[in-house]
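So you can see what is in the structure, the chains are spelled out below.
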Amino acid sequence: MPQIVPPYLLDRIADAGAERFPLAAEAARRSLLHDAPRRALRGAPPIMPLPRDDDELPTVLPDAPSTPDRRISDAGGRETLPGRLVRREDEPATGDESVDDAYDGLGDTHRLFDRVFGRDSIDGAGMPLEATVHFGRRYDNAFWDGERMVFGDGDGEVFRGFTDSLSVIGHELAHGVTEHTAGLRYQGQSGALNEHVSDAFGALVEQYALGQDAGAATWLIGEGIFTDEVEGRALRSMIEPGTAYDDDVLGRDPQPDHMRDYIDTADDNGGVHLNSGIPNRAFALAARELDGFAWEHVGRIWYDALTSGRLGRDATFAEFAAETVRTAEARFGAGSREARAVERGWQAVGVPGEPSEQAAGAAAE
Amino acid sequence: MDVIVQRSGGLAGARLTWEVRVDEQPDPDEWYILIEEIPWGEPPPVPPEPDRFVYRIECPPNEATLAERQLTGPWRQLVDRVQEATDPKRNAPLPGDPREASRRRPTR
């Protein structure tokens, strides 16, 4: 599938390589550590996770250690799982970039769930985080198979390896969290919500690792997984769905950003990767309105909704929206700026976020 | 006879379509034998796995939708053949779906 690369494209994406994650993350961590209390430094006793129902906003230490149990396997270009185990917890870097990126990314993801939401691993009970890299030959995908995250190397023409993006690693692991909590069925609206939840927590993992607030965050999913030849920033934009790429070969980012453009299709399990743009934008808008660290407000509200036990497996956008408004009110208070921002986010994308009975009188629209 | 393979889903949610005219292939008989072997209408149901590909295979009058994990045996052989015989079109409009072809994002 050779392709001719227009020069304007090369110029425009020339700096994409510089955005590669590990160095930026490293730099951010160093600056964060600089301000963190000494006890967060290596060798100090671990800090206890915050209680789930703490009334106060969590005083999160972005680089606080957590204790994941990671196992990275190498499929060696075959499509057989799990492949050969090549790196276990506490083992040194292998020098294989995919292996080591997956290992680090799983650590960053575990840290967010553990330190911010008090959830130890996918099941909340410390289950091992397993990943397989180098799956298939020129395989253009990453997925969650119910037990492990699986990453292809990409074709080298459109996609580079899928472990290059921390938000993609967080996205895959979040599928596991959804499976163990709300269990949103992977079809139609509940499937698009399943995808949305993975994008939301994937973005939060990246923001948490970089110490970015909602205003500084890119709200991009999969930044850095396109080759330089592709005219595009990322796979998806949560804040501006439909604008992540516009390329001669790839076409244009097809995500809708409002219910009026909801796509009815039999493909892609009912358009789960398309319609997720709608809740994605609601989430990002609410986060931007509140500013500050998104994991401290919308992240917490969404995590509460995901784990409340009140969402059906076939939840619709409207039901999910209503549940996030409810959990926002439960955690931050009815009429709080957090609850209002969440309601406004849903309204902006045309989803009727049915407010709870108490607040029904104040409902807009 | 045409064989159309369409792959949707995946983390990127992009759609690829491969289309092959069997009679224009160097070995059409082998294609016909393989297509005969396919147990159309009998792919075993499996629950979808997040971010995995979904394949729709059209070979009129037959058509089947399979999860990536179901793509085994003659199904897999047919898809491999189609993918080797031709390059894919990305995000191509679906045949018989005018809404897909005409759907365009309203300008913001």
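Residues numbered from 1 in each chain as written. Chains lettered and ligands numbered in written order. Predicted model: local features only at pLDDT ≥ 70, side-chain atom pairs only at ≥ 80, totals over all residues. Heavy atoms only, no water.

Of regular secondary structure, chain A possesses 10 helices and 9 strands. Considering chain A as a whole, with its 365 residues, one finds that 58% of them fall into the buried category. In chain A, of all internal contacts separated by at least 6 residues, the share reaching a separation of at least 24 is 61%. Accessible area for chain A stands at about 14,700 Å²; split by element, carbon and sulfur atoms hold 48% of it. (Helix = DSSP H or I, 4+ residues; strand = E, 2+ residues; numbered from the N terminus. Buried < 20%, exposed > 50% of the residue type's maximum accessible area, 1.4 Å probe, protein only. Contact = heavy atoms within 4.5 Å. Areas by Shrake-Rupley, 256 points an atom, 1.4 Å probe, with all protein chains shown as cover.)

The subject of this paragraph is the packing of helix α5 (residues 188-210) of chain A against helix α8 (residues 298-307) of chain A. Residues and elements named next belong to chain A. Direction vectors running N to C along α5 and α8 enclose 140 degrees, while the axes themselves pass 11 Å from each other. Taken together, α5 and α8 sit at an angle that is classed as oblique. Of the two elements, α5 crosses α8, and the hand of that crossing is left-handed. Counted together, H196, V197, F201 and L204 of α5 and G299, W302, Y303 and L306 of α8 form the full contact between these two elements. The class makeup of the residues in the contact of α5 with α8 is 6 nonpolar, 2 polar and no charged. (Axes fitted to C-alpha atoms, helices over the stretch in contact; angles between N-to-C directions. Parallel < 35°, antiparallel > 145°, perpendicular 65-115°, else oblique. Left-handed = near helix turned anticlockwise from the far one by under 90°. Nonpolar A, V, L, I, M, F, W, Y, C, P; charged D, E, K, R; others polar.)

On to the pairing of strand β2 (residues 16-21) of chain B, then. Residues and elements named next belong to chain B. In terms of strand pairing, strand β1 (residues 2-9) meets β2 through 6 bridges, oriented antiparallel. Each residue of the ladder has a partner; that of Q6, found in β2, is T17. Where β2 meets strand β5 (residues 89-90), 2 bridges bridge the pair, whose relative direction is antiparallel. Its bridge partner being in β5, T17 is matched across the sheet by K89. (Pairing = 2+ DSSP bridges.)

A full pass over the atoms with the stated rule returns 4 cavities of 30 Å³ or more. Taken together, A:D140, A:N141, A:F159, B:R7, B:G9, B:G10, B:L11, B:A12, B:A14, B:L16, B:F53 and B:R90 make up the full set of residues lining the largest cavity. (1 Å grid on protein atoms, 1.4 Å probe; cavity = no way out; pocket = protein on both sides within 12 Å on 5 of 7 lines; lining within 4 Å. Points joined across faces, edges and corners; volume = space filled by probe spheres on them.)

This next bit is on the pattern of salt bridges. Side-chain pairing between opposite charges can occur once the charged atoms of the two side chains come close. Residue and element names in this part refer to chain A. Summed over the entire model, instances satisfying the criterion amount to 25 salt bridges over all chains. For R160, the salt bridge is made with D228, and the minimal N-O distance between the two is 3.0 Å. A residue pair is termed long-range when its members are at least 10 positions apart, and R160 in the loop between β5 (149-152) and α4 (166-180) and D228 in the loop between β6 (220-221) and β7 (236-237) qualify at 68 residues. The exposure class assigned to R160 is partly exposed, which follows from its relative accessible area of 22%. D228 sits in the partly exposed class, given a relative accessible area of 30%. Here R331 makes a salt bridge to D304, at a shortest N to O gap of 2.6 Å. Of this pair, R331 sits in helix α9 (residues 317-332) while D304 sits in helix α8, and the two are 27 residues apart along the sequence. (Salt bridge = Lys/Arg side-chain N within 4 Å of Asp/Glu carboxyl O.)

Residue and element names in this part refer to chain A. This model, assessed by the stated rule, comprises 21 aromatic pairs over all chains. One aromatic cluster is present, built from ring pairs that chain together W219, F283, W302, F320 and W346. The residue whose ring lies beneath R70 is Y103, and the NZ or CZ to ring-centre distance is 3.7 Å. (Phe/Tyr/Trp six-rings, centres within 6.5 Å; stacked < 30°, edge-to-face > 60°. Lys NZ or Arg CZ within 6 Å of the ring centre and 35° of its normal.)

This paragraph deals with the interface of chain B and chain A. Chain B puts 31 residues into the contact, and the matching count from chain A is 44 residues. Where chain B meets chain A, there are 3 salt bridges. Here A:D267 ties to B:R15 by a salt bridge, and the two come within 3.2 Å at their closest N and O atoms. Sorting elements by how many residues they give to the side of chain B that touches chain A places β1(B) first, with 4 residues. Looking at the side of chain B that touches chain A residue by residue, the class counts come to 9 nonpolar, 6 polar and 16 charged.

Estimates place the volume of the second largest pocket at around 830 Å³. For the second largest pocket, the lining is made up of 26 residues, of which A:R137, A:R138, B:R7, B:W18 and B:Q83 are closest to its centre. Listed by contribution, the elements that provide at least two residues to the lining of the second largest pocket are β2, β3 (53-59) and α2 (73-85) of chain B. Across the lining of the second largest pocket, the residue classes break down as 9 nonpolar, 4 polar and 13 charged.

Moving on to the environment of B:L71. Residues and elements named next belong to chain B. Relative to the assigned elements, L71 resides in the loop between β4 (62-67) and α2. Remark: the alpha-carbon pair of L71 and V54, spanning 17 residues in sequence, is separated by 9.6 Å. Not counting residues up to four positions away in its chain, the partners in contact with L71 are Y55, I57, L66, R76 and V79.

Structurally, the α-helix is built with 3.6 residues per turn, so residues lying three or four positions apart point the same way. In a regular helix each residue adds 1.5 Å, so 16 residues correspond to 22 Å; α9(A) covers 22 Å between its end C-alpha atoms and thus fits that length. Of the residues one or two after α9(A), A:G333 is the one with positive phi, at around 105 degrees. (Expected span 1.5 Å × (residues − 1).)

A word on the nonpolar core. Among the nonpolar cores identified, the biggest contains 83 residues, and A:F151, A:F201, A:W219, A:W302 and A:W346 are the most heavily contacted of them. It is α5(A) that contributes the most residues to this core, 10 residues altogether. Ignoring sequence-local partners within four residues, the contact set of A:W302 consists of A:H196, A:F201, A:F283, A:F320, A:T324, A:V342 and A:W346. Membership of the second largest hydrophobic core comes to 27 residues, among which are A:A75, A:Y139, A:F143 and B:W40. (Core = buried A, V, L, I, M, F, W, Y, C linked by side-chain atoms within 4.5 Å.)

When two helices pack together, you describe them by how their axes are tilted relative to each other and by the distance separating the axes. Residues and elements named next belong to chain A. Two numbers describe how helix α3 (residues 97-117) lies on α5: the axes approach to 9 Å, and their chain directions differ by 90 degrees. With respect to their mutual orientation, α3 and α5 come out roughly perpendicular. Across from D108, T109, R111, L112, F113, R115, V116 and F117 in α3, the residues of α5 making contact are F201, L204, V205, Y208 and A209. Here the contact of α3 with α5 is built from residues that sort into 9 nonpolar, 1 polar and 3 charged.

Residues and elements named next belong to chain A. Judged by pairing direction, the sheet is mixed, and its 5 strands sit side by side in the order β2-β1-β3-β5-β4 without closing on themselves. Among the strands making up the open sheet, the edge pair consists of β2 (84-88) and β4 (142-144). The average angle at which neighbouring strand axes cross in this sheet is 20 degrees, direction not considered. Examined bridge by bridge, β4 and β5 share 3 bridges and lie antiparallel to one another. What sits directly across from W144, in β5, is M149. Here α3 sits on the sheet in contact with β1 (70-74), β2, β3 (129-135) and β5, set at roughly 155 degrees to β1. Contacts from α4 reach β3, β4 and β5, with the element oriented near 20 degrees to β4.

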